[in-house]
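Overview (structure and organization)
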Amino acid sequence: MSAAAASSPSIWHGAGRRIFMNEVGTRDGLQMEQAFVPTEDKIALVNALSQAGLSKIEVTAFVSPTAIPALRDGEIVMREIARRPGTVYTALVPNVRGAERAIEARTDELNLVMSVSETHNLCNLRMQRTQSFASLQQVIATAQQAGVPVNVSLSCCFGCPMEGDVPQAEVLAWVQRFADLGVQGITLCDTTGMAYPSQVHEMARAFRARWPALGLTLHFHNTRGMALANVLASIAAGADRFDASIGGLGGCPYAPGASGNACTEEIVHALQLMGYDTGVELARVVAAAQTLPALIGHETPSQIVKAGARWDLHRPPANFAEIRERALAKA
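Residues numbered from 1 in each chain as written. Predicted model: local features only at pLDDT ≥ 70, side-chain atom pairs only at ≥ 80, totals over all residues. Heavy atoms only, no water.

Going by an unreviewed UniProt entry, the chain carries the name Hydroxymethylglutaryl-CoA lyase and comes from Comamonas guangdongensis. UniProt's Sequence similarities (unreviewed entry) comment on the chain is quoted here verbatim: "Belongs to the HMG-CoA lyase family." (UniProt positions renumbered as here; feature names shortened; annotations may be inferred.)

As a further point, take helix α13 (residues 282-289). Taken together, the buried positions of α13 are occupied by Leu-282, Val-285, Val-286, Ala-288 and Ala-289. Looking down the long axis of α13, one finds its buried residues gathered within 160° of arc, a one-sided arrangement. Contact partners of the buried residues in α13: α4 (39-52), α12 (264-273), α14 (292-296) and α15 (303-307). (Buried < 20%, exposed > 50% of the residue type's maximum accessible area, 1.4 Å probe, protein only. Helix = DSSP H or I, 4+ residues; strand = E, 2+ residues; numbered from the N terminus. Arc of directions from axis to C-beta. Contact = heavy atoms within 4.5 Å.)

It is worth spelling out empty space enclosed by the protein at this point. Here the structure, examined in full by the defined rule, presents two cavities of 30 Å³ or more. Contributing to the lining of the largest cavity are 14 residues, with Lys-56, Asn-111, Asn-151, Thr-187 and Asp-243 lying nearest its centre. Among the elements of the structure, β1 (20-23), β2 (56-61), β4 (109-115) and β5 (150-155) are those that each provide at least two residues to the lining of the largest cavity. The element that contributes the greatest number of residues to the lining of the largest cavity is β2, accounting for three residues. A class-by-class count of the residues in the lining of the largest cavity yields two nonpolar, seven polar and five charged. In this model, the second largest cavity occupies a volume close to 30 Å³. (1 Å grid on protein atoms, 1.4 Å probe; cavity = no way out; pocket = protein on both sides within 12 Å on 5 of 7 lines; lining within 4 Å. Points joined across faces, edges and corners; volume = space filled by probe spheres on them. Nonpolar A, V, L, I, M, F, W, Y, C, P; charged D, E, K, R; others polar.)

Turning our attention to the packing of α12 against α13. The interhelical angle for the contact between α12 and α13, taken along N-to-C directions, is 160°, at an axis separation of 10 Å. It follows from the interaxial angle that α12 and α13 lie roughly antiparallel. In this structure, the crossing between α12 and α13 has a hand that is left-handed. Residues Thr-264, Glu-265, Val-268, His-269 and Gln-272 of α12 form the contact with α13, whose participating residues are Leu-282, Val-285, Val-286 and Ala-289. Of the residues in the contact of α12 with α13, the class split is five nonpolar, three polar and one charged. (Axes fitted to C-alpha atoms, helices over the stretch in contact; angles between N-to-C directions. Parallel < 35°, antiparallel > 145°, perpendicular 65-115°, else oblique. Left-handed = near helix turned anticlockwise from the far one by under 90°.)

Take the sheet that holds β4 next. Around the barrel, which closes on itself, the eight strands sit in the order β1-β2-β3-β4-β5-β6-β7-β8 with parallel pairing between neighbours. Going from strand to strand, the sheet's axes swing by 25° on average, the running direction of each strand aside. Across two bridges, β1 lies against β2 in parallel orientation. From the neighbouring strand, Glu-23 faces β2, where its bridge partner is Ile-57. (Pairing = 2+ DSSP bridges.)

Scanning the entire structure with this criterion turns up four aromatic pairs. Taking 5.1 Å as the distance between ring centres and 75° as the angle between the ring planes, the aromatic pair formed by Phe-133 and Phe-178 counts as edge-to-face. Here the residue Phe-133 occupies a position in helix α8 (residues 129-146), and Phe-178 occupies one in helix α9 (residues 168-180), the gap between them amounting to 45 residues. Grouping aromatic residues by their ring pairs yields a cluster made of Phe-133, Trp-174 and Phe-178. When the ring centre of Phe-36 is taken as reference, the NZ or CZ atom of Lys-42 above it lies at 3.9 Å. Against the face of Trp-174 rests Arg-177, its NZ or CZ located 4.1 Å from the ring centre. (Phe/Tyr/Trp six-rings, centres within 6.5 Å; stacked < 30°, edge-to-face > 60°. Lys NZ or Arg CZ within 6 Å of the ring centre and 35° of its normal.)

Structure representation (structure tokens):
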């Protein structure tokens with residue numbers, strides 16, 4: 001990022017600029033958990049996030065229950081959530097059958113996934129990229145016939161944990177393939193937290209210049225502590241939509257022991273302090289995040305849950321009056 005961009009008031013002082021927050025914890029987060037969260041608790045969690053004002057919620061995934069048993073109740077959850085006007089309820093679908101199930105369950109948008117890294121795509125999806133693309137073409141056609149919008153999430157856009165750097169031109173070439181099919185949006189994913197701010201800024205700037213009308217979402221992981229910095233770098237390049245996960249849930253099997261996705265309440269907290277309009281009620285998100293340990297059986301990485309918001313003040317010590325009197329006596 002240039003010095004001029006870094007000092008721009010439009011970056012550091014949001015001045016009410018709208019930033020759209022997409023919640024992915026109920027899919028991307030819960031699918032990584034060993035504990036099965038009961039269906040009624042999933043529904044309650046989605047409803048709480050809806051009431052908090054999230055722009056989009058990735059509710060579940062329509063995949064084989066043997067592949068992701070944690071989300072085997074996807075149809076029930078999607079059908080029974082209380083839908084808030086203005087919130088988009090999306091789901092991950094891997095194939096035509098998943099798309100059909102999602103459409104039957106009244107899913108607002110289908111989210112498709114493949115990797116721009118050949119090695120990662122083979123390891124993660126057991127297919128070559130060309131095979132994945134051919135399969136997703138069929139899913140897109142199914143969605144378009146039903147009039148359901150499609151977003152494509154491209155993994156490893158900022159680096160592959162096995163191949164290393166992925167050229168920007170390669171990433172943008174895959175974006176073009178899907179843009180040509182008429183999808184509504186693309187998510188550029190930092191799958192294992194390899195992204196860094198100057199790289200992110202250049203990628204988002206190049207995307208915006210080439211496809212100004214195509215929806216752009218950035219999906220960051222906090223694996224190496226740079227999620228917030230990458231969000232700010234993206235905003236500086238014109239991006240305004242970001243995935244994040246309540247409590248910082250999620251992660252990737254190719255970054256063992258690392259923290260998960262960008263944390264919803266941490267990103268919202270920072271952006272609101274800087275004057276951006278996220279449309280999100282932070283207190284409601286924090287309250288929802290505080291319920292997670294009981295659901296998943298362990299603490300979450302969320303620093304806002306642990307430390308509170310910046311404006312959450314604390315009482316002085318019980319003997320503060322005595323301390324003050326002693327100090328005055330010494331004056």
